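Descriptive analysis of the structure
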Amino acid sequence: MATTNNAQTATEILKAIGGQENVTTVAHCMTRLRFVLKDEGLSSDTALEAIPAVIKVIHAGGQVQIVIGATVDKVYDEVCKLGKFETQTSLKQELADEPSKKEKLTPKGIGNAIMGGPSENFV
């Protein structure tokens with residue numbers, strides 16, 4: 001039943017943003033679907049906010065961001081299936097997959113950091 005709800009939500013979202021042909025790219029983060037649209041004027045915030053699963057609609061950075069919450073990944077998968085969009089790794093997954101770049105804290109490393117800062121100002 002949850003899949004049906006996610007599929008229904010995805011169908012309603014695609015309709016409210018002007019259809020799949022209006023989508024340039026779609027991605028998601030931990031709570032939001034992030035659409036870059038060809039024509040934002042074809043998207044209806046009123047229609048989006050009327051969808052039960054939609055918490056809020058935000059326009060930022062050239063994107064229409066639709067806040068869904070914890071089920072965003074499932075809705076995203078349905079949006080990609082319906083619109084035949086290429087799926088992308090979520091920001092959360094990218095961070096988890098990225099190897100840690102922390103260096104070990106050593107006296108030499110601390111000394112280099114201290115001496116490196118002032119010397120860069122005089123170059």
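Residues numbered from 1 in each chain as written. Predicted model: local features only at pLDDT ≥ 70, side-chain atom pairs only at ≥ 80, totals over all residues. Heavy atoms only, no water.

**Description of the confidence of the model for the chain**
Short version of the rule: The predictor's confidence in any single residue is recorded as pLDDT, a number from 0 to 100. Strands are runs of DSSP state E lasting at least two residues, helices are runs of H or I lasting at least four, and both sets are numbered from the N terminus onward. What makes two residues a contact is simply this: any of their non-hydrogen atoms within 4.5 Å.
For the chain, per-residue confidence averages 82 on the pLDDT scale, and 70% of positions sit at 70 or higher. Confidence, read as mean pLDDT per element, is least for helix α4 (residues 91-97) in the chain (47) and greatest for helix α2 (residues 45-49) (97). Confidence over residues 93-100 falls short of pLDDT 50; this stretch has one contact with residues more than four positions distant or in other chains. Contacts from residues 119-123, a stretch scored under 50 in pLDDT, to residues over four places away or in other chains number zero contacts.

**Quick notes on the pattern of salt bridges**
The criterion, for reference: Put simply, a salt bridge is a Lys or Arg side-chain nitrogen that is within 4 Å of an Asp or Glu carboxyl oxygen. Whether a residue is buried, partly exposed or exposed follows from its accessible area with a 1.4 Å probe, protein chains only, as a fraction of its type maximum: under 20%, in between, or over 50%, in that order.
All told, the structure shown has one salt bridge when counted by the stated rule. Here E78 and K81 are joined by a salt bridge, their closest N and O atoms 3.5 Å apart. One end of the pair is E78 and the other is K81, both in helix α3 (residues 72-83) and three residues apart, which spans about a single turn. By relative accessible area, K81 is classed as exposed at 58%.

**Focus: the nonpolar core**
The condition is simple: By nonpolar core is meant a set of buried Ala, Val, Leu, Ile, Met, Phe, Trp, Tyr and Cys residues that side-chain atoms within 4.5 Å join together.
The biggest cluster of nonpolar side chains holds 23 residues, and the ones touching the most others in it are I13, I17, L33, F35, L48, I66 and V79. Of all the secondary-structure elements, those providing two or more residues to this core are α1 (2-16), β1 (23-28), β2 (32-37), β4 (63-67) and α3. If sequence neighbours within four positions are ignored, I13 has contacts with L33, F35, L48, I51, V54, I66, I68 and V75.

**Things to note about the side chain of Q65**
Which entries qualify depends on this criterion: Throughout this description, a polar contact denotes any pair of N or O atoms lying within 3.5 Å of each other; where both atoms belong to protein, one of them has to be capable of donating a hydrogen while the other can accept it, and for residues adjacent in sequence the pair is counted only when both atoms sit in side chains.
The residue Q65 is located in strand β4 in this model. Given the relative accessible area of 5%, Q65 is considered buried. In this structure the side chain of Q65 is engaged in a polar contact, spanning 3.0 Å, whose partner is the side chain of Q63.

**Let's talk about the pairing of β1**
Spelled out, the test is: Only when DSSP finds a minimum of two bridges between them are two strands counted as paired.
Sheet analysis places β1 next to β2, joined by five bridges and oriented antiparallel. Within β2, the position partnered with H28 by the bridge is L33. Remark: three residues form the turn of the hairpin made by β1 and β2, two consecutive strands paired antiparallel.

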